[in-house]
Amino acid sequence: MKVLSYDDVELGDDLPGEIPDVSMLKVTAFCTAAKHVFERFVDHEAARKEGFPAAIVPGIMSQSLLLAMIHRWAPGCTVRKIDTVFRGTLLVDSKVTMSGAVTDTDDSARTVEVDLVITAEDGRTGVIGTAVIEFQA
Amino acid sequence: MILDLHTHSIKSDDGRAKVENYCKWIRKKEIPLDGFVLTEHRQYDSESDYRALEDEYNLLILKASEVETDYGHVLVFGVNEDLLHSFDFANIRLPIQTVLNAAKENGAFAAPCHPGRKRVGLFSHYELSGPISDVHTVEVFNGGSIPGEDELSVKQAAIHGYKGFGGSDSHVVSRIGYCATTFESDSITTVEGLVGELQSGSFGPISLRPEPKNTTTEP
């Protein structure tokens, strides 16, 4: 498999979109691994009692999913910066969609800046962000 | 000419778009925009000077504000010193009547944005508190709307006799131009000119959303 290099990337390129698994099973496994177990993430009923429509995907998991998407797109790259904004809830056991796009390139540093978006099942924007990715020389 | 009347840059607390990257994106993607308006949240950015970018990319870059009222969010075009002293732009519970009156008295143009959205949209407040008589124009196409919100905005705007415009409400670069406003005039070069064209009513909303690509996979 050809590994993406800096020279393969252009401003305007889309990262391959992904539908990550945010089932209760996966979210609970993530929260357990990250020592981030709170009822609002792992229990639909408890989350409803807190005012959420259902259990919600933790922000650190959303950011991790975006990082995984970047590394699947560009294996071997180094993510120099990732900055996410949590604009709305993403519900556990729903279908969410991740996307990204190259919005700037720096030939001297061999870095690219990408937009990152996670869209909720109903079309709301759940997470936005940017990342700066360095490619090997 | 076509302008995106609702965008955010890194000057907004939840914006992650650099203004130059907006320009590069518009040109690279050949988005048919002649310019855009930066409507930063709860503030007016009086410091930034984008004239060099305007020249380099041949785009009109204007500045405005998005303020928060008891009837939802409102875009204010034509912010000037007098208007800045009329109310606290950072207040998240401004009375909408204060904003509408101050804009009118100071030569600016105020219009509610994403009015079909729950909680932060004008029409959800109409259901609870009744209509506001001084509203005349609303953003009927918003790039951040979920299915049904813009349809509600268009329908309610028609019921109330409001003029409609469009804006992307972009917070990241790749969302600019999803929705925009087309003006009959080709000669808007300043924010005063924009306010004049908005007051004339010679404009309409357009959607420039890219076709969805069927390339999403489950890893």
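These figures come from a predicted structure and were not determined experimentally.

Engineer: Mind showing me how you'd approach the overall build of chain B here?
Structural biologist: Counting secondary structure elements, chain B contains seven helices and nine strands. Computed over its C-alpha atoms, the radius of gyration of chain B comes to 16 Å, within 12% of the 17 Å expected for a compact globule of 219 residues. With respect to the principal axes defined by its C-alpha atoms, chain B has extents near 45 × 40 × 35 Å. Expressed as a percentage of its 219 residues, the buried residues of chain B come to 58%. Per element, the accessible surface of chain B, about 9700 Å² overall, is 48% carbon and sulfur.

Engineer: Before we go on, may I ask you to explain the pattern of salt bridges in this structure?
Structural biologist: Oppositely charged side chains may form a pair once their charged atoms are brought near each other. A full pass over the atoms with the stated rule returns 15 salt bridges over all chains. With its nearest N and O atoms 2.9 Å apart, the salt bridge here joins B:K28 to A:E10. Placement of the pair is B:K28 in helix α1 (residues 19-28) and A:E10 in the segment before β1 (14-18), with the two residues belonging to separate chains. Overall, B:K28 belongs to the partly exposed group, its relative accessible area being 39%. Here B:R42 and B:D13 are joined by a salt bridge, their closest N and O atoms 2.4 Å apart. Of the two residues, B:R42 sits in the loop between β2 (35-41) and α2 (51-57) while B:D13 sits in the loop between β1 (2-7) and α1, which places them 29 residues apart along the sequence. Note on B:R42: relative accessible area 23%, which makes it partly exposed.

Engineer: Just checking my understanding: could you explain the nonpolar core for this structure?
Structural biologist: In this structure, A:W73, A:V112, A:V114, A:I133 and A:F135 are the most contacted members of the largest nonpolar core, which totals 34 residues. Among the secondary structure elements, those contributing two or more residues to this core are α1 (24-33), α4 (59-73), β3 (97-106), β4 (111-119) and β5 (125-134) of chain A. At six residues, the largest contribution of residues to this core is made by α4(A). If sequence neighbours within four positions are ignored, A:W73 has contacts with A:L4, A:V9, A:D14, A:L15, A:P16, A:V102, A:V112, A:V114, A:I133 and A:F135. Counting 25 residues, the second largest nonpolar core, distinct from the first, contains B:V99, B:A110, B:Y126 and B:V138.

Engineer: When you look at the confidence of the model for chain B in this model, what are you seeing that I'm missing?
Structural biologist: As a general rule, the predicted coordinates of low-pLDDT regions are not to be interpreted in detail. Looking at chain B, pLDDT values average 96 and 98% of them are 70 or higher. Scored by ipTM, the complex comes to 0.93, with pTM at 0.95.

Engineer: Even after reading the chapter, I still don't get the interface of chain A and chain B, so can you show me in this structure?
Structural biologist: One frequent convention defines the size of an interface as the accessible area lost when the parts assemble. Chain A puts 29 residues into the contact, and the matching count from chain B is 21 residues. Taken over both partners, the interface formed by chain A and chain B buries close to 2100 Å², and the fraction arising from carbon and sulfur atoms is 52%. Summed over the shared surface of chain A and chain B, the number is five salt bridges. Its salt-bridge partner being A:D83, residue B:R16 comes within 2.7 Å of it at the nearest N-O pair. Here chain A is connected to chain B by nine residue pairs in polar contact (both at pLDDT 80 or more). Those elements that place two or more of their residues in the side of chain A that touches chain B are β1, β2 (78-86), β3, β4 and β5 of chain A. Top element by residues in the side of chain A that touches chain B is β3(A). It accounts for six residues. Per-class residue counts for the side of chain A that touches chain B are eight nonpolar, ten polar and eleven charged.

Scoring rules and cut-offs
Residues numbered from 1 in each chain as written. Chains lettered and ligands numbered in written order. Predicted model: local features only at pLDDT ≥ 70, side-chain atom pairs only at ≥ 80, totals over all residues. Heavy atoms only, no water. Helix = DSSP H or I, 4+ residues; strand = E, 2+ residues; numbered from the N terminus. Rg over C-alpha atoms; globule rule 2.2 N^0.38 Å. Buried < 20%, exposed > 50% of the residue type's maximum accessible area, 1.4 Å probe, protein only. Areas by Shrake-Rupley, 256 points an atom, 1.4 Å probe, with all protein chains shown as cover. Salt bridge = Lys/Arg side-chain N within 4 Å of Asp/Glu carboxyl O. Core = buried A, V, L, I, M, F, W, Y, C linked by side-chain atoms within 4.5 Å. Contact = heavy atoms within 4.5 Å. pLDDT = per-residue confidence, 0-100. Buried area = accessible area lost by both parts, 1.4 Å probe. Polar contact = N/O pair within 3.5 Å; in protein donor to acceptor, adjacent residues only side chain to side chain. Nonpolar A, V, L, I, M, F, W, Y, C, P; charged D, E, K, R; others polar.

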